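Reading the structure
One letter stands for each residue in the lines below.
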Amino acid sequence: MQSAKIVFIGGGNMARALIGGLRASAGEGLSITVSDPNVDQRQQLEQQFGVAGTDDNIAAIDGAQIIVLAVKPQILADVARQLAPHVQPDQLVISVAAGVTTQVLSNWLGGHQALVRAIPNTPAMIGCGATGLYAPAGVSAKLRSEAESLMRAVGIVQWVEDEALIDSITALSGSGPAYVFLVMEAMQAAAEKLGLDEKAARLLTLETVFGAARLAMESNDAPAVLRSRVTSPGGTTEQGIKALEEAGVREAFEKALAAARNRSIELAAQLEKH
């Protein structure tokens, strides 16, 4: 990975997160090019990370070992079709676009087979991402390893063998940060209603969520076990948990993940028609 030439088509937030992670893990020796029509965006990446910038997708991918498609799903079809005549069979193409299956992307790329689909999330921007990965059966172990190395630069990875499970990962870790932010938002608002000022409520909420997540990460026990240890019989936490259960918090999360997964499936069907 340290000697590879990597090209990012698109220089938005996810590309920035991945480039930052790669620079931190592999240093300046890695050759990175970003192709994006936005001049300001390119210049920011050039100055911050020392990457090469261009607005010419075709020129950018010449000689690249890895091509990361980091554009919005709605424009990916046009970008992929533009690249199709120029992508070489041995070039690994990694797509981070939600809702675009590897078969559809392969069709847009003129039958290109060296594909990996990645679903990262926004905490990748601080090196704490969680990425789901899928590759068709024909993708070699070497190319899979290269894709994994790239995504590990910004967090953990989880492979799936069934591409349909990518929709579930999209619903869980892809959309998951927003669920946690909503919980944090609700906790802070409730604390303010109980009399805490905004600054105190925010700080205590943030540190509570961070501490709980870190404790869970460093423990071998399931979340249910950790929860039970805080929930003393007849105590304050027991009453709080009871209120949440009665409000249907579990069912709400089941509905949220199912709705997000179903929307991912719908988007895939829509994009397939492009």
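Residues numbered from 1 in each chain as written. Predicted model: local features only at pLDDT ≥ 70, side-chain atom pairs only at ≥ 80, totals over all residues. Heavy atoms only, no water.

1. Structural notes on the packing of aromatic side chains
We apply this condition: What counts as a ring pair is set by centres within 6.5 Å for rings of Phe, Tyr and Trp (its six-membered ring), and what kind of pair is set by the plane angle: stacked under 30 degrees, edge-to-face over 60, tilted for all other angles. Charge-over-ring contacts are defined here by two conditions on Lys NZ or Arg CZ: a distance within 6 Å of the ring centre and an angle within 35 degrees of the ring normal.
Summed over the entire model, instances satisfying the criterion amount to zero aromatic pairs. Looking at Arg-144, its charged tip hangs above the ring of Trp-159, at a distance of 5.6 Å from the centre.

2. Examining the nonpolar core
The line we're drawing: We call a set of buried residues a nonpolar core when its members are Ala, Val, Leu, Ile, Met, Phe, Trp, Tyr or Cys and they connect through side-chain atoms within 4.5 Å of each other. Only protein chains enter the accessibility calculation, which uses a 1.4 Å probe. A residue is then buried if its area is under 20% of the maximum for its type, exposed if over 50%, and partly exposed in between. Labels follow the DSSP assignment, with helices taken as runs of H or I lasting at least four residues and strands as runs of E lasting at least two, numbered in each case from the N terminus. In what follows, a contact means two residues having at least one pair of non-hydrogen atoms within 4.5 Å.
In terms of nonpolar packing, the biggest core is built from 36 residues, with Ile-6, Phe-8, Val-116 and Leu-150 touching the most fellow members. It is helix H1 (residues 13-26) that provides the largest number of residues to this core, a total of six residues. With sequence-adjacent residues up to four places away left out, Val-116 is seen in contact with Leu-92, Val-93, Ile-94, Ser-95, Leu-133, Tyr-134, Ala-135, Val-139, Ala-147 and Trp-159. One finds Ala-60, Val-71, Val-79 and Leu-109 within the second-largest nonpolar core, a separate group that totals 23 residues.

3. Some details on the pairing of strand S2 (residues 31-35)
Under the convention used in this document: Strand pairing requires that DSSP identify at least two bridges connecting the strands.
When you tally the buried positions in S2, you get four out of five residues, the bulk of the element. In this structure, strand S1 (residues 5-9) lies alongside S2, joined through five bridges in parallel fashion. Note that in S2 the partner of Val-7 across the bridge is Thr-33. Pairing analysis gives three bridges linking S2 to strand S3 (residues 52-54), with the strands arranged parallel. In the sheet register, Ser-35 faces S3, and the bridge partner there is Thr-54.

4. Section: the pattern of salt bridges
To keep things clear, this is the line we draw: By salt bridge we mean one thing: a side-chain nitrogen of Lys or Arg within 4 Å of a carboxyl oxygen of Asp or Glu.
All told, the structure shown has seven salt bridges when counted by the stated rule. In this structure, Glu-146 engages Lys-142 in a salt bridge whose closest nitrogen and oxygen atoms are separated by 2.6 Å. In this pair, Glu-146 and Lys-142 both sit in helix H6 (residues 141-152), four residues apart, roughly one turn of the helix. Two residues, Arg-152 and Glu-148, come together in a salt bridge whose shortest N-O distance is 2.8 Å. Of this pair, Arg-152 and Glu-148 both sit in helix H6, four residues apart, roughly one helical turn.

5. Observations regarding the packing of helix H7 (residues 165-174) against helix H12 (residues 249-272)
Axis angle and axis distance: for two packed helices, these are the angle between their axes and the distance between the axes, and together they describe the pair. Inclusion rule: With axes taken as lines fitted to C-alpha atoms, and helix axes fitted only over the stretch in contact, angles between N-to-C directions fall between 0 and 180 degrees. Angle categories: roughly parallel below 35 degrees, roughly antiparallel above 145, roughly perpendicular from 65 to 115, and oblique for all the rest. Here a crossing is called left-handed whenever its near helix is offset anticlockwise from the far helix by less than a right angle, and right-handed whenever the offset is clockwise.
Where H7 meets H12, the closest approach of the two axes is 8 Å, and the angle between their N-to-C directions is 130°. Judged on the interaxial angle alone, H12 and H7 are oblique. Note on packing geometry: the crossing formed by H7 with H12 is right-handed. Contact residues: Asp-167, Ser-168, Thr-170, Ala-171 and Leu-172 in H7; Leu-257, Ala-260, Arg-261, Ser-264 and Ile-265 in H12.

6. Thoughts on the pairing of strand S7 (residues 129-134)
Side-chain direction in a regular strand flips from residue to residue, so the side chains alternate between the two faces of the sheet. Summarising burial for S7: six of the six residues are buried, a large majority. Side chains of S7 alternate between two faces, with Gly-129, Thr-131 and Leu-133 and Ala-130, Gly-132 and Tyr-134 buried alike. Sheet topology places strand S6 (residues 115-119) next to S7; three bridges connect them, and they run antiparallel. The residue bridging Ile-119 from the neighbouring strand is Gly-132, located in S7. One ladder, built from five bridges, connects S7 with strand S8 (residues 155-159); its direction is parallel.

7. Focus on the environment of Leu-115
Within the fold, Leu-115 resides in strand S6. Once the C-alpha coordinates of Leu-115 and Val-93 are considered, the two residues, 22 residues apart in sequence, prove to be 5.0 Å apart. When neighbours within four sequence positions are excluded, Leu-115 is seen to be in contact with Leu-92, Val-93, Thr-102, Leu-105, Ser-106, Leu-109, Ala-135, Pro-136 and Val-139.

8. Considering H7
Taken together, the buried positions of H7 are occupied by Ile-166, Asp-167, Ile-169, Thr-170, Ala-171 and Ser-173. Residues of H7 that are buried sit in contact with S6, S7, S8, helix H8 (176-193) and H12.

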